[in-house]
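Coordinate analysis (summary)
Each chain, written out:
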Amino acid sequence: MSLVIIGGSSAQALAFKVAKELNAPFIDCEYKKFPDGEKYIRVEEDVEGKKVALVQSMYLTPDEYLLEYFLLVDNLKDMGAREIIGVIPYFAYARQDARFKPGEALSLKTIVSLIEKTGTDKVFTVDMHLHRVENVNRLFKIPAKNLTAIPLLGEYVKKEFILHDTLVIGPDEEAEQWAKTMAETLGTEYDILEKKRLSATEVEIAPRELDVKTRDLVIVDDIISTGGTLAKTIEVLKKKGAKKIVATCTHPVLVENALKRIYKAGGDAVIGTDTIPSPVSYVSVAPLIAEALRKL
Ligand code: R5P
């Protein structure tokens, strides 16, 4: 069955790069809005009997991109697509995977169930924020795979930076998985800090015993949103005498002056991937996604 690639409006460039890597046809779609804000979508070529990989990331206006995703999947099924592989590099709502206060919506559960109900056959995510769920297969009933971009970020750091006596740091316990993979790629040690979230924009990093004097550091997290976590982490490590600090993440959401916060705290560089287009999306996840699609 031949594979074709479609990009939602959030991931046109990334989807095109994936198609190029695979030498697969890229199918254009028309996206526009009616004057009242409703969406209009048209798939410009026939997809009957085809396997379609639909790439849609869900950053900044996740609700819009989610609705567009549902409209596309349903439409592709109606058009006779044989199989739909949802490639969702940045998966929104993953942080609300539990009811932290009574009455809170279990948003992740709802989004997952809508993705399944609209007809997606398989799902790929990239470094999904899976903190309380160990495996993406626990969330989805359809086959699902969570890819990781950390080795690609590590290779980029290796190529572009001259670092001495490097230590990889994860800002909190949940970042250990990424810190470990980054350390393996760089051939260094890693350590993690302790984070307490005070609000949506402020965190506290415990100044635990850690000898980083004269060491260069690579900090790694899945998401940089407001930059609060990274800025606080860098402040603490700078006070302890760290030298060069390279901050890395898979998903550079970057809201509210996040980059300025990180540089002001003493970060020397910020490196992210193109799961979200941004000024620091130096590393492309297209080869990672292409490889996963190739193996299907
Ligand atoms: C939280 O657990 C995540 O792994 C990130 O640390 C968090 O999303 C970063 O957010 P912010 O940049 O707003 O501190």
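Just so it is clear, the model here is predicted, and its values are computed rather than measured.

Around the ligand sit 15 residues in total, of which Asp221, Asp222, Ser225, Thr226 and Thr229 are the nearest. In this structure, an oxygen atom belonging to the ligand sits 3.0 Å away from a side-chain N or O atom of Arg95. Take Asp221: an N or O atom from its side chain is 2.5 Å from an oxygen atom of the ligand. Burial of the ligand by the protein amounts to 96% of the accessible area it has alone, namely 380 Å². Taken atom by atom, the bulk of the ligand overlaps the largest pocket. Mapped by element, the contributors of at least two residues to the shell around the ligand are strand 11 (194-197), strand 13 (217-224) and helix 6 (228-239). Here the shell around the ligand gets four residues from one element, more than from any other, and that element is strand 13. Residue composition of the shell around the ligand, by class: two nonpolar, seven polar and six charged.

If you look at soluble globular proteins, the nonpolar side chains tend to sit buried side by side. Counting residues in each nonpolar core, the largest one holds 40 residues, and the members touching the most others are Ile6, Val43, Tyr69, Leu76, Phe91, Ile115 and Phe140. Among the secondary structure elements, those contributing two or more residues to this core are strand 1 (3-7), strand 4 (39-43), strand 5 (51-55), helix 2 (62-78), strand 6 (83-88) and helix 3 (107-117). In this view, Ile115 contacts Tyr69, Phe70, Ile88, Phe91, Thr120, Val123 and Phe140; residues no more than four positions away in its chain are not counted.

Bringing the packing of helix 1 (residues 12-22) against helix 8 (residues 286-294) into the picture now. Where helix 1 contacts helix 8, the two axes come as close as 9 Å, and the packing angle between them is 55°. Compared by their axis directions, helix 1 and helix 8 come out oblique. Here helix 1 runs over helix 8; the crossing is right-handed. For the pair formed by helix 1 and helix 8, the contact residues are Leu14, Lys17, Val18, Glu21 and Leu22 on the first element and Ala286, Pro287, Ile289, Ala290, Leu293 and Arg294 on the second.

Packed helix pairs are characterised by how far apart their axes lie and by the angle those axes make with each other. Following both chains from N to C, one finds helix 4 (residues 150-160) and helix 5 (residues 176-186) inclined at 45°, their axes separated by 9 Å at the closest point. As summarised for this structure, helix 4 and helix 5 are arranged oblique, according to the angle between their axes. Like other packed secondary-structure pairs, helix 4 and helix 5 cross with a definite hand, here right-handed. Residues Ile150, Pro151, Leu153, Gly154, Glu155, Val157 and Lys158 of helix 4 form the contact with helix 5, whose own contacting residues are Trp178, Thr181, Met182, Thr185 and Leu186.

Attention shifts here to the layout of surface pockets. Here the largest pocket is characterised by a volume of approximately 1100 Å³. Forming the boundary of the largest pocket are 46 residues, of which Arg95, His129, Lys195, Arg197 and Ile223 lie nearest the centre. Listing elements by their share of the lining of the largest pocket, those giving two or more residues are strand 11, strand 13 and helix 6. Each residue belonging to the lining of the largest pocket can be placed in one class, and the counts come to 20 nonpolar, 11 polar and 15 charged.

Looking now at the sheet that holds strand 8 (residues 144-147). On the basis of which strands lie adjacent, the open sheet formed by six strands has the order 2-1-5-6-7-8 and parallel pairing. The outermost strands of the open sheet, each flanked by one partner alone, are strand 2 (26-27) and strand 8. Note: strand 6 against strand 7 (residues 122-126), four bridges, orientation parallel. Within strand 7, the position partnered with Ile85 by the bridge is Lys122. Lying over the sheet, helix 1 contacts strand 1, strand 2 and strand 5, oriented at roughly 160° with respect to strand 1.

Rules used throughout
Residues numbered from 1 in each chain as written. Predicted model: local features only at pLDDT ≥ 70, side-chain atom pairs only at ≥ 80, totals over all residues. Heavy atoms only, no water. Near = heavy atom within 4 Å. Polar contact = N/O pair within 3.5 Å; in protein donor to acceptor, adjacent residues only side chain to side chain. Areas by Shrake-Rupley, 256 points an atom, 1.4 Å probe, with all protein chains shown as cover. 1 Å grid on protein atoms, 1.4 Å probe; cavity = no way out; pocket = protein on both sides within 12 Å on 5 of 7 lines; lining within 4 Å. Sits in = over half its atoms within 2 Å of the grid points. Helix = DSSP H or I, 4+ residues; strand = E, 2+ residues; numbered from the N terminus. Nonpolar A, V, L, I, M, F, W, Y, C, P; charged D, E, K, R; others polar. Core = buried A, V, L, I, M, F, W, Y, C linked by side-chain atoms within 4.5 Å. Buried < 20%, exposed > 50% of the residue type's maximum accessible area, 1.4 Å probe, protein only. Contact = heavy atoms within 4.5 Å. Axes fitted to C-alpha atoms, helices over the stretch in contact; angles between N-to-C directions. Parallel < 35°, antiparallel > 145°, perpendicular 65-115°, else oblique. Left-handed = near helix turned anticlockwise from the far one by under 90°. Points joined across faces, edges and corners; volume = space filled by probe spheres on them. Pairing = 2+ DSSP bridges.

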